[in-house]
Amino acid sequence: GENVEQHPSTLSVQEGDSAVIKCTYSDSASNYFPWYKQELGKRPQLIIDIRSNVGEKKDQRIAVTLNKTAKHFSLHITETQPEDSAVYFCAASIFGGSQGNLIFGKGTKLSVKP
Amino acid sequence: EAGVAQSPRYKIIEKRQSVAFWCNPISGHATLYWYQQILGQGPKLLIQFQNNGVVDDSQLPKDRFSAERLKGVDSTLKIQPAKLEDSAVYLCASSSPTSGNIQYFGAGTRLSVL
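From a predicted model like this one, the values you see are computed outputs, not experimental measurements.

### Some details on the overall build of chain B
Alright, step 1. On a plain count of helices and strands, chain B comes out with zero helices and 11 strands.
Alright, step 2. Moving toward the C terminus, one meets the helices and strands of chain B in the order β-β-β-β-β-β-β-β-β-β-β.
Alright, step 3. The C-alpha atoms of chain B give 13 Å as radius of gyration, which agrees with the globular expectation for 114 residues (13 Å, within 12%).
Alright, step 4. With the principal axes as the frame, chain B shows a C-alpha extent of 40 × 25 × 20 Å.
Alright, step 5. Summarising the internal contacts of chain B: among those between residues at least 6 apart in sequence, 52% fall at separations of at least 24.
Alright, step 6. When the accessible area of chain B is evaluated, it comes to approximately 5,500 Å², of which 50% is carbon and sulfur surface.
Alright, step 7. Placing the 12 positive and 9 negative side-chain charges of chain B at their respective mean positions leaves the two points 5 Å apart.

Below is the structure:
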């Protein structure tokens, strides 16, 4: 089955710096890669996603890149702000399939210092 | 639109007791998921429903966990008897093709087994 590895487990940056979180997946059939942000005690919220027919997607300060050959994808946050502090999870699934359940990484705790 | 509703938010029980969690998905979402999130880890799928049918319950510990979605809307997840290692946050999510098959999560139920 699918296995998703996520690094680093913790990341501390200064406000205004960039943050990069990397994930690798094992199942070449996976074609959908969402990123969720989870603040302490709150629900995971989708912040950006990418499908395997696209190599990069950007939404304001957030971007995701996908390398299908190497089976890895990354989240890039530019101009970080204190409110970006949270745990970020990457996930992989076979989108649109009969199951489509998400396999999550273990998460990255991002701390943005003012 | 209203989000995924879960109750209770918190539950403390002793080992060997039983407990039930309730989920009301986003209106019109046919697919419903239950995930278990142990502290410091990403969510792990327990069971997936499509309307009132089970699509995937391969990771549900069926000797103690059960779930139902009798009318294809609300769902209940039960643990009987609970073990210490069941302490976790139980997240419900729902999705629909009309919403791009994106999984929207509830706030979860935090279970502590003493």
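### With respect to the state of the cysteines
Alright, step 1. In the structure shown here, the tally under the stated rule is two disulfides over all chains.
Alright, step 2. The partner cysteine of A:Cys23 in its disulfide is A:Cys90, sulfur to sulfur 1.9 Å. Negative torsions about the S-S bond denote left-handed disulfides, and the value of about -100 degrees found for A:Cys23 with A:Cys90 makes this one left-handed. In this pair, A:Cys23 is assigned in strand β3 (residues 19–25) and A:Cys90 in strand β9 (residues 86–92), connecting sequence segments 67 residues apart.
Alright, step 3. A relative accessible area of 0% means that A:Cys23 is categorised as buried.
Alright, step 4. Classification of A:Cys90 by relative accessible area gives buried; the value is 0%.
Alright, step 5. What pairs with B:Cys23 in a disulfide is B:Cys92, and their sulfur atoms sit 1.9 Å apart. Around the S-S axis, the bridge from B:Cys23 to B:Cys92 shows a dihedral of about -70 degrees and counts as left-handed. One end of the pair, B:Cys23, is in strand β3 (residues 19–24); the other, B:Cys92, is in strand β9 (residues 88–95), and 69 residues separate them in sequence. Judged on exposure class, the residue B:Cys23 and its partner B:Cys92 are both buried.

### Description of unusual backbone geometry
Alright, step 1. For the bond from A:His7 to A:Pro8, the omega torsion is -5 degrees, close enough to zero to count as cis.
Alright, step 2. Among the structural elements, A:Pro8 can be located in the loop between β1 (4–7) and β2 (10–14).
Alright, step 3. Between B:Gln80 and the following residue, B:Pro81, the backbone shows a cis peptide bond with an omega angle of -5 degrees.
Alright, step 4. Positive phi values are uncommon outside glycine, yet A:Lys71 reaches one of about 55 degrees.
Alright, step 5. Within the secondary structure layout, A:Lys71 lies in the loop between β7 (62–67) and β8 (72–77).
Alright, step 6. Taking relative accessible area as the criterion, A:Lys71 reaches 25% and is therefore assigned partly exposed.
Alright, step 7. A positive phi angle, near 45 degrees, is found at A:Glu79, a position not held by glycine.
Alright, step 8. For A:Glu79, the position within the fold is in the loop between β8 and β9.

Criteria and thresholds
- Residues numbered from 1 in each chain as written.
- Chains lettered and ligands numbered in written order.
- Predicted model: local features only at pLDDT ≥ 70, side-chain atom pairs only at ≥ 80, totals over all residues.
- Heavy atoms only, no water.
- Helix = DSSP H or I, 4+ residues; strand = E, 2+ residues; numbered from the N terminus.
- Rg over C-alpha atoms; globule rule 2.2 N^0.38 Å.
- Contact = heavy atoms within 4.5 Å.
- Areas by Shrake-Rupley, 256 points an atom, 1.4 Å probe, with all protein chains shown as cover.
- Lys, Arg positive; Asp, Glu negative; His and termini not counted.
- Charge placed at Lys NZ, Arg CZ, Asp CG, Glu CD.
- Disulfide = S-S within 2.5 Å.
- Buried < 20%, exposed > 50% of the residue type's maximum accessible area, 1.4 Å probe, protein only.

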